[in-house]
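Observations on the model geometry
Each chain, written out:
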Amino acid sequence: MAIYTQEQAQAVLKKVMALSKADECEANLNGSKSGNVRYARNSVSTAGEAHTTSLVVQSSFGKKVGTATINEFDDASLEKVVRRSEELAKLAPENPEYMGVLGPQKYMTTNPYVAATAAITPDKRAEMVAQSISAAKAKNLTAAGYLQDIVGFQSMMNSKGLFAYNTDTGVDFSLTVRTPDGTGSGYVSRGFNDVSKLNTATASAIAVNKATGSMNAKALEPGKYTVILEPAAVAVMLENLFFNMDARSADEGRSFLSKPGGGNKVGQKLVDERVTIYSDPSHSELPTSPWAQDGQALNKVTWIDKGVVKQIPVSRYWAQQKKITPVPFPNSAIMQGGTQSLDDMIKGTTKGILVTRLWYIRPVDPQTLLLTGLTRDGTFYIENGKIKHAVKNFRFNESPIIMLNNLEAIGKTERVVSGESSNNYLLPPLKIRDFTFSSLSDAV
């Protein structure tokens, strides 16, 4: 059984706590049921379901910590995993940064579980994929895609009385469409908690149009251009900003948030005043678990407000060192959007480049957050408010910090899946001036 009810999870975890002889004990019981269909060359290549459940037990004696994992839950197995975690703890060196387990927490109510998504059947997956393949076949194009749905639960209990439980669902869809001669490529991705919000036929039509429109691309000279980044391209740039927001690395001088002479840039203006970035576990379009990995409660937090850094995540250990309040790393990120549609942004552009997607992102300089990567699956030249023709792909060298200081326009926020991490965000398309393309790429 992959999905435990709150009562079932609590019963298992109580047994673990009763078996513990350690100074402190923490146990995480998690499980999921997922289904998927993968297809290529307009034919399904694999399909299946996976059910997984695992128990992770962490025991500590003072600052000596040991962890053991098991996927059997009879009484003998539970005792086995508890004893093993204790044996490992006694053998381990002391962890000077171990903070101990938390006491009981109060969690906000979120709704990341949708019954319709949890009830997806193989027939439903097949129907959704068939609609995508049909859209490509109708234009004599070749589709390769992946559809996955998942329902899961997460639960935690510790020897100080903390208990947390959450269930969630999700469905992710991604598709690449190629032309027969291999010169055109289009891409689309979608992710939701609620499967009723996913229309694979409509999404696939976007990739189909990009594939046919990107044939016979023309080369432009590398340089600085006004660009319109679609949300999928924005995601892979901004998640590098999100992932690197950390108080300790900033205070220690290792981050783009490090202040010259010491400390961090909280309270300072970092980017354009139109930029507001926050997280909210209860957001109706991006609901997530209300607790962090270590059990800390998650609430709505504004990280950047009108261009000013208002808060950055602070680990419990670093908070203790600095005598401040810890701030857990969030489960989501949201950028406040504007009112323009993507079409509006294109119509308002005299000369520029539309970027569908960026990929193969690699860091160049962590202290300026300079990144490099490539455009892919649909790059187009805009002239006088219209897409004039496809252009060959570029390599770029750009920092999301510089990018967010060169804003010309912000579009409407939408839910988007990162092609690099598969994380879901709420992000708008962005129009950026002086975006740096450093060289051409022959890849389609």
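Residues numbered from 1 in each chain as written. Predicted model: local features only at pLDDT ≥ 70, side-chain atom pairs only at ≥ 80, totals over all residues. Heavy atoms only, no water.

Next up on the list: the packing of aromatic side chains. Ring pairs (aromatic) are described by centroid distance and by the angle formed between their planes. Taken as a whole and judged by the stated rule, the model has 11 aromatic pairs. Relative to Trp291, the ring of Tyr107 lies with its centre 6.4 Å away and its plane at 40 degrees, an arrangement referred to as tilted. Of this pair, Tyr107 sits in the loop between α2 (75-91) and α3 (115-118) while Trp291 sits in the loop between β8 (277-279) and β9 (301-305), placing them 184 residues apart in sequence. What makes Trp291 buried here is its relative accessible area of 6%. Taken together, the ring pairs in this structure connect Tyr225, Phe394, Phe396, Phe435 and Phe437 into an aromatic cluster. The residue whose ring lies beneath Arg357 is Tyr187, and the NZ or CZ to ring-centre distance is 3.8 Å. (Phe/Tyr/Trp six-rings, centres within 6.5 Å; stacked < 30°, edge-to-face > 60°. Helix = DSSP H or I, 4+ residues; strand = E, 2+ residues; numbered from the N terminus. Buried < 20%, exposed > 50% of the residue type's maximum accessible area, 1.4 Å probe, protein only. Lys NZ or Arg CZ within 6 Å of the ring centre and 35° of its normal.)

We now examine the pattern of salt bridges. This structure, assessed with the given rule, holds 18 salt bridges. Across the pair Glu86 and Arg83 runs a salt bridge whose closest N-O atoms are separated by 3.0 Å. A residue pair is termed a helical-turn pair when its members lie 3 or 4 positions apart in one helix, as Glu86 and Arg83 do in helix α2 at three residues. No difference in accessibility class separates Glu86 from Arg83, as the two residues are buried. Between Arg254 and Glu252 there is a salt bridge, with the nearest N and O atoms lying 2.7 Å from each other. For Glu252, a relative accessible area of 38% translates into the label partly exposed. Several salt bridges converge on common partners, so that one network encompasses Glu97, Arg248, Glu252 and Arg254. (Salt bridge = Lys/Arg side-chain N within 4 Å of Asp/Glu carboxyl O.)

Moving on to the sheet that holds strand β4 (residues 142-158). If you walk across this open sheet you meet the six strands as β3-β2-β1-β4-β5-β6, and the pairing is antiparallel. On the outer flanks of this sheet lie β3 (64-70) and β6 (185-192), each paired with one strand and no other. Taken over all neighbouring pairs, the strand axes of this sheet differ in orientation by 15 degrees on average, direction set aside. Of the strand pairs in this sheet, strand β2 (residues 43-61) and β3 are connected by seven bridges, and their pairing is antiparallel. Looking at β3, one finds that Val56 is bridged to Thr69. The sheet strands contacting helix α4 (residues 122-137) are β1 (24-40), β2, β4 and β5 (163-178), and the helix crosses β1 at an angle near 45 degrees. (Pairing = 2+ DSSP bridges. Axes fitted to C-alpha atoms, helices over the stretch in contact; angles between N-to-C directions. Contact = heavy atoms within 4.5 Å.)

Look at α4 against helix α5 (residues 200-213): their axes get within 8 Å of each other, and the N-to-C directions meet at 30 degrees. Comparing their axes, α5 and α4 come out roughly parallel. As for the relative orientation of α4 and α5, their crossing is right-handed in sense. Mapping the contact onto sequence places Met128, Gln131, Ser132, Ala135 and Ala136 in α4 and Thr200, Ala201, Ser204 and Val208 in α5. Grouping the amino acids of the contact of α4 with α5 by side-chain chemistry returns five nonpolar, four polar and no charged. (Parallel < 35°, antiparallel > 145°, perpendicular 65-115°, else oblique. Left-handed = near helix turned anticlockwise from the far one by under 90°. Nonpolar A, V, L, I, M, F, W, Y, C, P; charged D, E, K, R; others polar.)

Over its 14 residues, α5 extends 20 Å from the first C-alpha to the last, a length consistent with the 20 Å expected when each residue adds 1.5 Å. Residues of α5 that are buried: Thr200, Ala203, Ser204, Ala207, Val208, Lys210 and Ala211. When α5 is viewed along its axis, its buried side chains cluster within an angular range of 165 degrees and face the same direction. Turning to α5, the residues buried within the fold contact α4, β5, β6, β12 (351-365) and β13 (370-383). One side-chain oxygen of the residue at the start of α5 lies 3.1 Å from the amide nitrogen of Ala201, identifying that residue as Asn199. (Expected span 1.5 Å × (residues − 1). Arc of directions from axis to C-beta. Polar contact = N/O pair within 3.5 Å; in protein donor to acceptor, adjacent residues only side chain to side chain.)

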